[in-house]
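Chain residues, written in single-letter form:
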Amino acid sequence: MLSVENPTTYYSATRKYDLKFPDLEQDIEAEVVIIGGGFSGINTALELAERGVTDIVVLESRYIGFGGSGRNGGHVMAGIGHDLEKIKKSVGESGLQAIFEISDLGSSIIKNRIEKYQINADFRHGYGYLGFNKRQGKLLQAWEQEYKQLNPNHEISYLEGSEVKDIVGSDIYSCALKHMGNGHFHSLNMLLGSAKALSELGGRIFENTPALEVTYGDTIRVRTAKGSVKAKKILWSCGAFLDRLEPELHKTMISTYAFQLVTEPLSDALIEQISPIRGAFSDIRPVIDYYRVTNENRLLFGSATSALEYIPSDLKAWNRNLMLKVFPYLSNVKIDLAWGGPMECSANLFPQIGTLPGHPNAYFVQGYSGFGVTPSHVISQVVADGITNGSKHWDVMSSIPRTRVWAKDSMRNLIFTLGKVSHQLAGYRNGRR
């Protein structure tokens, strides 16, 4: 069995930044302390630094990108949560519209940051949302109109039948939505490049420095093994690696697992067959397959268990079987690496942001539910709004109530199996099946 606890991934094997940050060995003070060195933590810190709040400390228990930010599919795609209609009863029509306004900003934020800080992240345009039947085709056609409304200057087009082969070389899809404003990148290099930019702006980053205890008050104190941080404000951004440190956040999250593989380097001809646009793709089922072509002519393919919750004993074989259903002509291709990791989910599969009850200077962000690479860049702007002067987007998103996940520690596999079955059945009602 390949480890999902401390894996070697495609990203760690091909990182272009040799960044190392010290561990904290003294008592220090800051304006804001952030726990968690993934996309949400680093991006929020960078947003704050760009607004003049540079006295920031980021504490990472392992190393920058250890969690989901260094284990994902690297997809730059539209949207924030899985289904905006799920939160409509909480935010109303105007609130839903406010969230919709920012739902496709992630790609532009990422591209602007790459250009501003010269981040070597292998960004490439080209995305395809893929469907198997007419019902999914109708949903993709609705998405086409929505995305064109948000980004009228992007090449966005609905494809059907043989046209699908113009973007992806597979016989299993009957329809697709091509979105050339979206695409894919090397997510760990993007994160490390952003961390480098933060450090150059004055932010202080400490690795191998787990937070051991947090004391709230007008001044917040975070105790670590060898030191401490006193700050006026704190942001919790631990994702699936919260490890019960903050009970209020722990009770509304439950973690599942996703798994990826990467092939050996492939020929240009084979890459052209897989994807003429060298793009990234995901189908639109409740539990998706997702994949992309890397800068080195590899295929990176990922998914999660569709119903029964478990960790496969052989990640290479498990993911390879799924890959061959999409691309049977890759049967002789070698698999170089396979890995996995936990991802935190909320009950409504929508990100959670806000402040802890009774502690208005204690902020949090969590619950991307497997959909965080691009949305985290948007959400980080909203969280930075909340930490500074507020905004209508902060007001709306922080007002969404969190639901406690009962018995999640003792019955996690059963809860997720039932949840996935329910999610699959709901797919027939909302056009995803």
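Located above this text is the structure these notes cover.
First, a word on scope: everything that follows refers to the structure included in this document. Residue numbering note: each chain is counted from 1, following its sequence as written. Reporting in this predicted model follows two pLDDT cut-offs: at least 70 for local features of residues, and 80 or more for side-chain atom pairs to be given and counted; totals over whole chains, interfaces and linings ignore these cut-offs and use all residues. Neither water nor hydrogens contribute to the side-chain values; these are computed over all heavy atoms in the structure.

### Structural notes on the overall build of the protein
Inference 1: Secondary structure is summarised from DSSP: a helix means a run of H or I of at least four residues, a strand means a run of E of at least two, and numbering begins at the N terminus for each. Within the protein, the regular secondary structure consists of twelve helices and 17 strands.
Inference 2: Radius of gyration (C-alpha) of the protein: 21 Å, near the 22 Å computed for a compact globule of 433 residues.
Inference 3: The C-alpha extent of the protein, read off along each of the three principal axes, is 60 × 45 × 45 Å.
Inference 4: Within the protein, buried positions represent 58% of all 433 residues.
Inference 5: In this description, accessible areas are obtained by the Shrake-Rupley approach with a 1.4 Å probe, and a residue is regarded as covered only by the protein chains that are shown. Carbon and sulfur atoms make up 49% of the accessible area of the protein, which amounts to about 17,700 Å² in all.
Inference 6: The charged-residue count follows a simple rule in which Lys and Arg add positive charge and Asp and Glu add negative charge, with His and chain termini not counted at all. Note that the charge is assigned to NZ on lysines, CZ on arginines, CG on aspartates and CD on glutamates. The centroid of the 46 positive side-chain charges in the protein is displaced by 4 Å from the centroid of its 45 negative side-chain charges. Just to be clear, the radius of gyration here is over C-alpha atoms, and the globule rule we use is 2.2 Å times residues to the power 0.38. Residue burial is assigned from relative accessible area. The probe radius is 1.4 Å, only protein chains are included, and a residue is buried under 20% of its type maximum, exposed over 50%, and partly exposed in between.

### Let's talk about the state of the cysteines
Inference 1: Only a pair of cysteine sulfur atoms within 2.5 Å qualifies as a disulfide here. Applying the stated criterion to the full structure yields zero disulfides.
Inference 2: Cys 345 carries a free sulfur, and the closest cysteine sulfur to it, the one in Cys 238, is 16 Å from it.

### Quick look at unusual backbone geometry
Inference 1: Despite not being glycine, Gln 118 has its phi angle at roughly 50°, a positive value.
Inference 2: On the secondary structure map, Gln 118 appears in the loop between α4 (106-117) and β4 (124-131).
Inference 3: For Ser 369, which is not glycine, the phi dihedral falls at a positive 60°.
Inference 4: Counting through the fold element by element, Ser 369 comes out in the loop between β17 (359-366) and α10 (375-387).
Inference 5: On the basis of relative accessibility, which here comes to 6%, the residue Ser 369 falls in the buried class.

### Structural notes on the pattern of salt bridges
Inference 1: Criterion for a salt bridge: a side-chain nitrogen of Lys or Arg within 4 Å of a carboxyl oxygen of Asp or Glu. All chains considered together, the criterion is met by 26 salt bridges.
Inference 2: For the salt bridge of Lys 116 with Glu 50, the shortest nitrogen-to-oxygen distance reads 3.4 Å. Of this pair, Lys 116 sits in helix α4 while Glu 50 sits in helix α2 (residues 39-50), and the two are 66 residues apart along the sequence.
Inference 3: Since its relative accessible area comes to 54%, Lys 116 is described here as exposed.

### Digging into the packing of aromatic side chains
Inference 1: In summary, the pairing rule links any two rings of Phe, Tyr or Trp, Trp by its six-membered ring, whose centres are within 6.5 Å, and it sorts them by plane angle into stacked for under 30 degrees, edge-to-face for over 60 and tilted for everything else. In the structure shown here, the tally under the stated rule is 15 aromatic pairs.
Inference 2: Taking 5.4 Å as the distance between ring centres and 85° as the angle between the ring planes, the aromatic pair formed by Tyr 63 and Phe 66 counts as edge-to-face.
Inference 3: Pairing Phe 259 with Trp 318 gives two aromatic rings, centres 5.3 Å apart and planes at 80°, and the pair type is edge-to-face. Residue Phe 259 is located in strand β11 (residues 254-263), and its partner Trp 318 is located in helix α9 (residues 315-326); the two are separated by 59 residues in the primary sequence.
Inference 4: Throughout this description, the term charge over a ring refers to an Arg CZ or Lys NZ atom that lies within 6 Å of the ring centre and within 35 degrees of the ring normal. Here the basic side chain of Arg 71 rests over the ring of Phe 66, its NZ or CZ set 4.8 Å away from the ring centre.

### Remarks on the packing of α4 against α10
Inference 1: Here the axes come from fitting lines to C-alpha atoms, over the contacting stretch only for helices, and the angles between their N-to-C directions go from 0 to 180 degrees. Two elements in contact, α4 and α10, have axes whose closest approach is 7 Å; the angle formed by their N-to-C orientations is 85°. With respect to their mutual orientation, α4 and α10 come out roughly perpendicular. For the pair α4 and α10, the contacting residues are Gly 106, Ile 109, Ile 110 and Arg 113 in the first and His 377, Val 378 and Gln 381 in the second.
Inference 2: Its residues placed into classes, the contact of α4 with α10 shows three nonpolar, three polar and one charged. Every angle not falling under 35 degrees, over 145, or within 65 to 115 is termed oblique; those three ranges are roughly parallel, roughly antiparallel and roughly perpendicular. Residue contacts follow a heavy-atom distance rule, with two residues in contact if any of their heavy atoms lie within 4.5 Å. Three classes are used: nonpolar for Ala, Val, Leu, Ile, Met, Phe, Trp, Tyr, Cys and Pro, charged for Asp, Glu, Lys and Arg, and polar for all others, with Gly counted as polar.

### Some points on the packing of α4 against helix α6 (residues 187-200)
Inference 1: The interhelical angle for the contact between α4 and α6, taken along N-to-C directions, is 55°, at an axis separation of 11 Å. In terms of orientation, α4 and α6 fall into the oblique class. As α4 packs across α6, the resulting crossing turns out to be left-handed. Here Ile 110, Arg 113, Ile 114 and Tyr 117 of α4 lie close against α6, whose contacting residues are Met 190, Ser 194 and Ala 197. What makes a crossing left-handed is the near helix being turned counterclockwise from the far one by less than a right angle; a clockwise turn instead makes it right-handed.

### So, a nonpolar patch on the surface
Inference 1: Among the surface-exposed residues, Met 411, Leu 414 and Leu 418 lie close enough to one another that they form a single nonpolar patch of about 280 Å² accessible area.
Inference 2: By secondary structure assignment, the location of Leu 414 is in helix α12 (residues 412-430). The residues that make up patches have over 30% relative accessible area and no salt bridge, and they are joined within 9 Å when like-charged or within 5 Å when they are Val, Leu, Ile, Met, Phe, Trp or Tyr.

### Digging into α2
Inference 1: Its twelve residues place the ends of α2 16 Å apart at the C-alpha level, agreeing with the 16 Å of an ideal helix rising 1.5 Å per residue.
Inference 2: When you tally the buried positions in α2, you get eleven out of twelve residues, the bulk of the element. Any helix carries an expected span of 1.5 Å times its number of residues minus one.

### Some points on helix α3 (residues 88-102)
Inference 1: With 15 residues, α3 extends just 16 Å between its outermost C-alpha atoms, more than 12% less than the 21 Å of an ideal straight helix rising 1.5 Å per residue.
Inference 2: Residue Ser 94 marks the point of greatest curvature in α3, where the axis turns by about 80°.
Inference 3: The inward-facing, buried residues of α3 abut α5 (134-150), α10 and α11 (392-398). One axis is fitted to the seven residues ending at the residue and one to the seven starting there. The bend at that residue is the angle between these axes.

### So, the side chain of Thr 209
Inference 1: Topologically, Thr 209 is positioned in the loop between β7 (204-206) and β8 (213-215).
Inference 2: Dropping the residues within four chain positions of it, Thr 209 is found in contact with Pro 22, Asp 23, Leu 24, Leu 59, Glu 60, Ser 61 and Thr 224.

### A word on the pairing of β4
Inference 1: Among the eight residues that make up β4, six are buried, leaving the element largely enclosed by the rest of the structure.
Inference 2: Paired strands, in this sense, are two strands between which DSSP finds at least two bridges. Bridging between β4 and strand β6 (residues 175-184) involves seven bridges; their strand directions are antiparallel. Across the sheet, residue Tyr 127 finds its bridge partner in β6, namely His 179.
Inference 3: For β4 and strand β12 (residues 280-283), the ladder comprises four bridges, and the chain directions are parallel. Across the sheet, residue Leu 130 finds its bridge partner in β12, namely Asp 283.

### Side note on the environment of Ile 87
Inference 1: With respect to the secondary-structure elements, Ile 87 resides in the loop between β3 (75-76) and α3.
Inference 2: Looking at Ile 87, the relative accessible area reads 1%, which means it is buried.
Inference 3: Taking the C-alpha atoms as reference points, Ile 87 and Lys 334, separated by 247 residues in sequence, lie 43 Å from one another.

Treat this as a map of the structure, not an account of what it does.
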